[in-house]
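# Structure assessment
Listed below, chain by chain, are the residues.
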Amino acid sequence: MILVCGIPSESPLRMVIARLEDMHADFVLLNQRESLNCDLWFEIDNGEIRGQLLISGHAYDLRDFASVYPRLMDDRLLPELAGEPADSPLRARCRAFHDTLLRWMEISPACVINRCAPMATNSSKPYQAQLITKFGFRVPETLITNDPDRVRAFRAEHRRVIYKSISAVRSIVKELEDKDEERLELIRWCPIQFQAYVEGVNLRVHTIGGEVFATAIESDATDYRYAGRDGGEPAGLRPVDISDGLADRCLRLTASLGLEFAGIDLKITPDGKVYCFEVNPSPAFSYYEGMTGQPISAAVVRRLAGAAAEQEDPLLALSC
Amino acid sequence: MWLVISSSSDPSGIWSWQGLRQMGLAPLEFITAESLASGCQWEHRLGSEGTSLKFSLPDGRVISSSAVRGVLNRLSAPSPLAFDRAVASDRDYAQAEMFAFYLSWLHSLPGTVINRPVPSGLSGPWLHPSEWMMRASRAGLRTSVYRQSSYDGAAATRPGIYLPADPRMMNNVIAFEGEVFGGMVPDSIAQACIRLLEESNTTMLGISLCTDDHGRWTFAGATPTPDLRCGGIPLLRHLAHSLVSGGHS
C-alpha cells in the first residue's frame, strides 16, 4: 500500500494523486489539513517497528505501507491552526502528530520519497557543493565572507558576481551591483555567500527510480524562477536529451546523497562545461511537468508502486 | 597545526587541549565557540578545484586550513553570540545561515577531524532517540521498547531511553576507531559498541549503557560529544596518535 501525505490541492501532490488514480493504485491519502482528525503511534521492539495510523477513525497497520510520498508543509502554518495561541493544546496535539509521523518515516523500512535526513544536505549549499564535486560536476567559484574588501576583490576578479543564502531558507538569487556598495558593510554581522556568475543554459534534471528527465530553461533573468516578475519575460522551458554519461552522474549523485527523488540544477556553459548549483531534495516538479508535459509524476508513481509490488512479492525485488 | 574547537564552558574540550599539549602535540590551538562568534573575520572559498578556509580571531591569531593537520571538533552549534544581535524577525534566518556556514567550513577542514560534521550535528550525528534505538538494535545491543504517539504531550518523557533508578547502574563508554574506552564492559558489548560506531558513520561516539540486577546490558543513549575524561589517559594517547598519524576520519 502507498501513503501520500500533504495538501491534496498542492500541485505536485495533486499530480501524483491523479496518476495513482489513473492506475487504480492501492493508496491512502493523509490530508494534512485534516491532521487533527488523525492519530499515529509506533513502537520499536528489538529493532522491529509496529504501529497504527488512524485517519478519521479508519486504522491502517504501518507495516502495510511499502512506500510513502510526503509533501508536508510546516504544521505551525496550517490554516486550521490560524488564531490558535502558540501554547494551545490544539497546536501541541498537531505538533505531536507531525513529529510522530516524521520520526516513523525516518526509520520505517518503507521506500520514503524522501526522508528528512538525506534531505538535510540541502540545509547548507556550500556543504552540499563539496559533496557534488565528488561526482565530476563543476561548482561556481564561491566566496563566503564577512569582509567587504574581499568581496570587492572577488567582484573585480570575476566581474559578474551573484549572492544568495547559504542555508535552505529560500532567497532570490541577485547580482551584486554598484548600488549595493553601501550595503556591503552590513555583511560584517554575518558571512554572506557570493558566487562568480556562470554563463550558459540552465538545466533542471529530475531523477527518480532510475529515470532521468532533463529540462532546459531559457531566461535572461539571474534567477529564472522569478523571471516573470517585475515585467520580465517568463522563462521558456523545453525537454532535452542529455548524454548517458551525464544522466548516470545525476543518478549516482542522487543515490550518494541517499535521495530517492531529486531536482538537480545544472548550467551548461557555451564550451560544454557542466556546473551544478544544488540538488533540491523536495523538487516542485509540477512547474516543469506543467510547462513541458514531461511525465515526472508518472515516474514518481512508478517508483512508489514498484516498492509496493516488491512488498507483495519479494521475488520482484530479486529480479530487478 | 592542530586545533581543539569547543565551547569555553566544555570541560572535555579544555581537558583534552591541556592533555594533548602536555603530550607534546604542537602547535596546538584552542579555539572557543565564543571567539568564533565575536569579531572573527572569515574567508571560506569553494570551487571546482577545492576548498579553503582562513579566519582571523579577535585575539589576532590567524588560522589557515592549509596549515591544519588535525582537529578535535566538539562544536555542537554556533555560539548564540553569532546571531543574537540580529533583530527578532531575522534571528531564525541568521541562525540557519550560521549553522549552514559552520557545517561547510568544518567539513572543509583537511586531515583528521574528530568528528566531522554532518547535517544533523556539527560534531557528528545528533540523532533522535528512535533512530539511536534502531541503530543500537542493528548493532546487537539490547534495547528497551521505544514508543511514541500523537497523544504524547510536548513535555512527555521519551520512553525507550532507559534510565536506571540507581545511577551506579549507568556505564558510559567511548567507542573510537575500533576500540572502546572508559567503563569495563564485556567483550561482546564492546564489539556491539564498535558496530554502533560504524553504523553511525562517525569517528567517536559516547555510548551509555545500563546494567540490571541480572547483569544484562541495555543501550541507554549515544552522543558524538561524550565526556572525554571518562576515557582517561588511554583515550588521550589514542587521540594524539590519531591526530598525528591521520587516523580514519
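Note that the structure is predicted; figures quoted are calculated from it, not measured.

## So, the overall build of chain B
- Secondary structure summary: chain B contains six helices and twelve strands in total.
- The C-alpha extent of chain B, read off along each of the three principal axes, is 55 × 50 × 35 Å.
- Across the 249 residues that make up chain B, the buried fraction comes to 45%.

## Some thoughts on the overall build of chain A
- Of regular secondary structure, chain A possesses nine helices and 16 strands.
- Along the three orthogonal principal directions, the C-alpha set of chain A runs to about 65 × 50 × 45 Å.
- Burial analysis of chain A (320 residues in total) assigns 38% to the buried set.
- Long-range contacts, defined as pairs at least 24 residues apart, comprise 64% of the intrachain contacts of chain A with a sequence gap of at least 6.

## Points about the interface of chain A and chain B
- If you look at the interface, chain A gives 45 residues, while chain B gives 40 residues.
- Among the secondary structure elements, those contributing two or more residues to the side of chain A that touches chain B are strand E3 (38–45), helix H2 (89–107), helix H4 (125–132) and strand E8 (142–145) of chain A.
- Top contributing element to the side of chain A that touches chain B by residue count: H2 of chain A, with nine residues.
- Residues of the side of chain A that touches chain B, tallied by class, amount to 21 nonpolar, 13 polar and eleven charged.
- Bridging between E3 of chain A and strand E8 (residues 146–149) of chain B involves four bridges; their strand directions are antiparallel. The residue bridging Trp41 of chain A from the neighbouring strand is Ser149 of chain B, located in E8 of chain B.

## Examining helix H6 (residues 232–245) of chain B
All names here are of chain B.
- With 14 residues, H6 ought to run about 20 Å at 1.5 Å a step, and its terminal C-alpha atoms sit 20 Å apart, in line with that.
- For H6, the full list of buried residues reads Leu235, Leu236, Leu239, Ala240, Ser242 and Leu243. Mapping the buried residues of H6 onto a view down its axis gives an arc of 165°, with all of them on the same face. Exposed residues on H6 whose side chains face more than 90 degrees from its buried face are Ile233, Pro234 and Ser245.
- Those residues of H6 that are buried lie in contact with strand E1 (2–6), helix H1 (11–22), strand E6 (70–73), strand E7 (112–114), strand E9 (170–176) and strand E10 (179–182).
- One or two positions beyond H6, positive phi appears at Gly246, with a value near 110°.

## Concerning the pairing of E3 of chain A
All names here are of chain A.
- Judged by which residues are buried, E3 turns out to be one-sided: Cys38, Leu40, Phe42 and Ile44 face inward and are buried, whereas Asp39, Trp41, Glu43 and Asp45, on the alternate face, are not.
- Bridge count for E3 against strand E4 (residues 48–55) is eight bridges, and the pairing is antiparallel. Looking across to E4, one finds that Asp45 is bridged to Glu48.
- Counting the residues between successive antiparallel strands, the hairpin from E3 to E4 contains two residues, one of them, Asn46, with a positive phi of roughly 60°.

## Some remarks on the sheet that holds E9 of chain B
All names here are of chain B.
- Ordered in space as E10-E9-E11-E12, the four strands form an open sheet in which the pairing is antiparallel. The two strands at the open ends of the sheet, each matched to only one other strand, are E10 and strand E12 (217–223). Put simply, the sheet's adjacent strands are angled 35° from each other on average, direction ignored.
- Where E9 meets strand E11 (residues 204–211), seven bridges bridge the pair, whose relative direction is antiparallel. Paired with Met170 across the two strands is Cys210, which belongs to E11.

## Thoughts on the domain arrangement of chain B
- Domains assigned within chain B are domain 1 (2–114) and domain 2 (129–149 + 157–223).
- Measuring from the centre of the C-alpha atoms in domain 1 of chain B to the corresponding centre in domain 2 of chain B gives 29 Å.

## Comments concerning the environment of Ser167 of chain A
- Among the secondary structure elements, Ser167 of chain A is positioned in the loop between strand E9 (161–164) and strand E10 (174–175).
- C-beta crowding within 10 Å serves as the criterion here: with 21 such atoms nearby, Ser167 of chain A is assigned to the buried category.
- Sequence separation between Ser167 of chain A and Trp189 of chain A is 22 residues; the distance between their C-alpha atoms is 16 Å.
- Excluding anything up to four places from it in sequence, Ser167 of chain A contacts Ser123 and Ser124 of chain A together with Ala96, Glu97, Phe99 and Ala100 of chain B.

## Comments concerning the packing of helix H1 (residues 11–22) of chain A against helix H8 (residues 296–312) of chain A
All names here are of chain A.
- Closest axis-to-axis distance for the H1/H8 pair is 9 Å, and the angle between their directions is 65°. Remark: the crossing between H1 and H8 carries right-handed chirality. Side by side, H1 and H8 meet where Met15, Val16, Arg19 and Leu20 of the first sit next to Ser297, Ala298, Val300 and Val301 of the second.

## Side note on the nonpolar core
- Within the largest apolar cluster, 142 residues are counted, with the highest numbers of intra-cluster contacts made by Val300 of chain A together with Ala175 and Leu196 of chain B.
- With nine residues, helix H3 (residues 88–108) of chain B is the single largest residue contributor to this core.
- Aside from chain neighbours lying at most four places away, what touches Leu196 of chain B is Arg135, Ala136, Ala139, Leu141, Ala175, Leu205, Ile207 and Ala222 of chain B.

## As for helix H5 (residues 187–199) of chain B
Residues and elements named next belong to chain B.
- For H5, spanning 13 residues, the distance from its first C-alpha to its last is 18 Å, which sits close to the expected 18 Å at 1.5 Å a residue.
- Buried residues of H5: Ile189, Ala192, Cys193, Leu196 and Leu197, and no others. Looking straight down H5, one finds its buried side chains confined to an arc of 150°; they lie on one side. The outward face of H5, more than 90 degrees from its buried face, is lined by the exposed residues Asp187 and Ser188.
- Those residues of H5 hidden inside the fold are in contact with helix H4 (129–139), E9, E10, E11 and E12.
- Following H5 by one or two positions, Asn201 adopts a phi angle in the positive range, close to 55°.

## Let's talk about the packing of H1 of chain B against H6 of chain B
All names here are of chain B.
- Interaxial distance between H1 and H6 falls to 10 Å at its minimum, and their mutual angle equals 70°. Between H1 and H6, the angle is such that the two are roughly perpendicular. Between H1 and H6 lies a crossing whose hand is right-handed. Residues Ser16, Gly19 and Leu20 of H1 pack against Leu236, Leu239 and Ala240 of H6.

Reading the values: rules and limits
Residues numbered from 1 in each chain as written. Chains lettered and ligands numbered in written order. Predicted model: local features only at pLDDT ≥ 70, side-chain atom pairs only at ≥ 80, totals over all residues. Helix = DSSP H or I, 4+ residues; strand = E, 2+ residues; numbered from the N terminus. Buried ≥ 20, exposed ≤ 12 C-beta atoms within 10 Å, placed from the backbone. Contact = placed C-beta atoms within 7 Å. Nonpolar A, V, L, I, M, F, W, Y, C, P; charged D, E, K, R; others polar. Pairing = 2+ DSSP bridges. Expected span 1.5 Å × (residues − 1). Arc of directions from axis to C-beta. Axes fitted to C-alpha atoms, helices over the stretch in contact; angles between N-to-C directions. Domains from an automatic or database assignment. Left-handed = near helix turned anticlockwise from the far one by under 90°. Core = buried A, V, L, I, M, F, W, Y, C linked by C-beta atoms within 7 Å. Parallel < 35°, antiparallel > 145°, perpendicular 65-115°, else oblique.

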